[in-house]
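Structural description and commentary
What follows is each chain in one-letter form.
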Amino acid sequence: MRTVVLRGESNRQQIVDDTGLSKATVSRLVRQLVEGGQIVEGPLVNGPAIGRSTQTLGFRGADDLVCGIDIGGTSTRFILTDHRARLVSAWRAPTAHGATSKELAGWLTDQVTKACADQGRPLPTSAVVGVPGVVQADTGRIRHAPNLRVIEGDRFRRQLEAGLERTCIVENDSNLALVGELCAGAAIGAEVAVMVTVGTGVGAGVALQGRLLTGATGLVGEIGMLPVALDGTVLEDVISGTAITRAAEELGLEEPSPMAVLGGDDPGPRVRLRARILDALFAGCMACAVAYEPEVIVIGGGVSPSLGAVLPVVQQRLGDALETAPRLRISHLGDPAGALGAVAIALEAAYRELGAVVDASGDDELRRSMTVLAEALEGGAGRQGAELTERWDRVRS
């Protein structure tokens, strides 16, 4: 079943080649799955051998939809794909601030419902939502969401499930961004990786052996809470976009944006602020390095393009402090990383319902499908799409 699901369309000989099972065993299993309704037989087509034909095999519900949603402090990104990870629709909308949990859940439901209706399709069979807060894995309960308090608890998730008429998986947004980068971005091929997201807030996702590490209550990776000064100042108070803008305004800088603060080298208060941010970013990366020994630390989130200017300095300091330092990389996927990770987890859940066990970030075929999806989000012909394919080919070789 796994081979048919991941290939989207297969045949008996491909299953034999992929699994190493005998032809007789494959024929028997396929017959059982056809009778059970999980596999659908297609028409006979000419095979590679002269005079031989082969029958295509598909899976039930291949055209059904899954949905990945990433709720950000400023905007929310949505991606709809079918069960083969083919792009159906993608869009972004300003996050509905000032709404109650019921109103926010209703707004998300309306967005998805309208998009499905526009495509003439039913609601998704699986939905995964990235949230800016701590998520307890066994209950889905959300805590510590200072930038979107209304989602805390489990009421928001239940209201969203009622609107979409199905179970929804909620996950920390940094964790989902890391899954996206593992599937199709800067962390492809890494066994141990950390994703640090710096935007309205600061968080991190951790993967060991390609699988998310969440901990008993979901606190793993909440490095925004890491103290960076004796007065109780935490990392988020220094390097988040909100913190940088506020500090620049207090200094009276004409252009208080993170890009202006981190990109300039003029003397005066800007240099001191830049040094403070660099020190805090180094402390955060150092904490991740000694805690998890990652091969790569990916920096993502809305502030990440600005941090590119100081990343070489942080990399050098890590190299001076550690015998083997992780590679620091700016996110290759950018803003869509979280929503792409949500789609990967949604597909994993949908395949599980079909009886196929698939690793969202570690399965080669699914990663290839996610790479193609990432290209589609970029228009398919852009430079970044070509780079994604090139990276994938290097991993495969």
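Here the residue numbering is sequential within each chain, running from 1 through the sequence in written order. This being a predicted model, a pLDDT of at least 70 is required before a residue's local features are given, and a value of 80 or more before pairs of side-chain atoms are given or counted; all residues contribute to the totals for chains, interfaces and linings. Working from all heavy atoms in the structure, the side-chain values ignore hydrogens and water.

Digging into the overall build of the protein chain
Definition in use: A run of H or I in DSSP becomes a helix once it reaches four residues, and a run of E becomes a strand once it reaches two; helices and strands are each numbered from the N terminus. We compute the radius of gyration over the C-alpha atoms and compare it with the globule rule, which gives 2.2 Å times the number of residues raised to the power 0.38. To measure how exposed things are, a 1.4 Å probe is used in the Shrake-Rupley method; for residues, cover is taken only from the protein chains shown. In this tally Asp and Glu are treated as negative and Lys and Arg as positive; neither His nor the chain ends contributes. Taken as the charge location is NZ of Lys, CZ of Arg, CG of Asp or CD of Glu.
Scanning the protein chain from terminus to terminus reveals 15 helices and 14 strands. Relative to its length of 397 residues, the protein chain is compact, with a C-alpha radius of gyration of 23 Å against a globular reference of 21 Å. Overall, the C-alpha framework of the protein chain stretches about 80 × 50 × 40 Å when taken along its three principal axes. Of the roughly 17,800 Å² of accessible surface on the protein chain, 49% is carried by carbon and sulfur atoms. Positive and negative side-chain charges in the protein chain, numbering 38 and 48 respectively, have mean positions lying 5 Å apart.

Details of unusual backbone geometry
The criterion, for reference: Accessible area is worked out with a 1.4 Å probe on protein chains only. A residue is then buried under 20% of its type maximum, exposed over 50%, and partly exposed in between.
Here the phi dihedral of A85 falls at roughly 70°; this positive angle occurs in a residue that is not glycine. Here A85 shows up in the loop between β4 (75–82) and β5 (87–94). We classify A85 as buried; its relative accessible area is 5%. Backbone geometry at E165 places phi at a positive 60°, although glycine is not the residue there. By the element assignment, E165 lies in the loop between α5 (155–164) and β9 (168–172).

Here's the deal with the sheet that holds strand β6 (residues 126–131)
This is how it is decided: At least two bridges found by DSSP between two strands is the condition for calling them paired. To obtain an axis, a line is fitted to C-alpha atoms, over the contacting stretch when the element is a helix, and the angle between two such axes runs from 0 to 180 degrees between their N-to-C directions. Residues count as neighbours in contact if any of their non-hydrogen atoms are within 4.5 Å of one another.
Spatially, five strands are ordered β5-β4-β3-β6-β9 in an open sheet, and the strand pairing comes out mixed. The outermost strands of the open sheet, each flanked by one partner alone, are β5 and β9. Geometrically, the sheet is characterised by an average inter-axis angle of 15° between neighbouring strands, direction not taken into account. Note: β4 against β5, seven bridges, orientation antiparallel. Looking at the pairing, T81 lines up with L87 of β5. Those strands touched by helix α6 (residues 173–184) are β3 (65–71), β6 and β9, and its axis lies near 95° from that of β9. Lying on the sheet, helix α13 (residues 337–353) is in contact with β3, β4, β6 and β9; it crosses β3 at an angle near 145°.

Let's talk about the packing of aromatic side chains
Let me state the cut-off plainly: Each aromatic pair joins two rings of Phe, Tyr and Trp (for Trp, the six-membered one) with centres within 6.5 Å, and gets the label stacked for planes under 30 degrees apart, edge-to-face for over 60, and tilted for any other angle.
Across all of its chains, the model carries two aromatic pairs by this definition. Pairing F78 with W91 gives two aromatic rings, centres 4.8 Å apart and planes at 5°, and the pair type is stacked. Here W91 lies in strand β5 and F78 lies in strand β4, a separation of 13 residues in the sequence. Grouping residues by exposure puts F78 and W91 together as buried. Centre to centre, the rings of F78 and W107 are 6.0 Å apart; their planes meet at 70°, and the pair counts as edge-to-face. Of this pair, F78 sits in strand β4 while W107 sits in helix α4 (residues 101–118), placing them 29 residues apart in sequence. W107 shares its class with F78; the two are buried. Members of the aromatic cluster, connected to one another through ring pairs, are F78, W91 and W107.

Things to note about the confidence of the model for the protein chain
What counts, and what does not: You can read pLDDT as the predictor saying how much it trusts each residue, on a scale of 0 to 100.
Taken residue by residue, the protein chain gives an average pLDDT of 86. The fraction at 70 or more is 90%. Scored below 50 in pLDDT, residues 380–389 makes 13 contacts in the model with residues more than four places away or belonging to other chains. This model gives residues 391–397 a pLDDT under 50, and the stretch forms twelve contacts once residues within four places in sequence are excluded.

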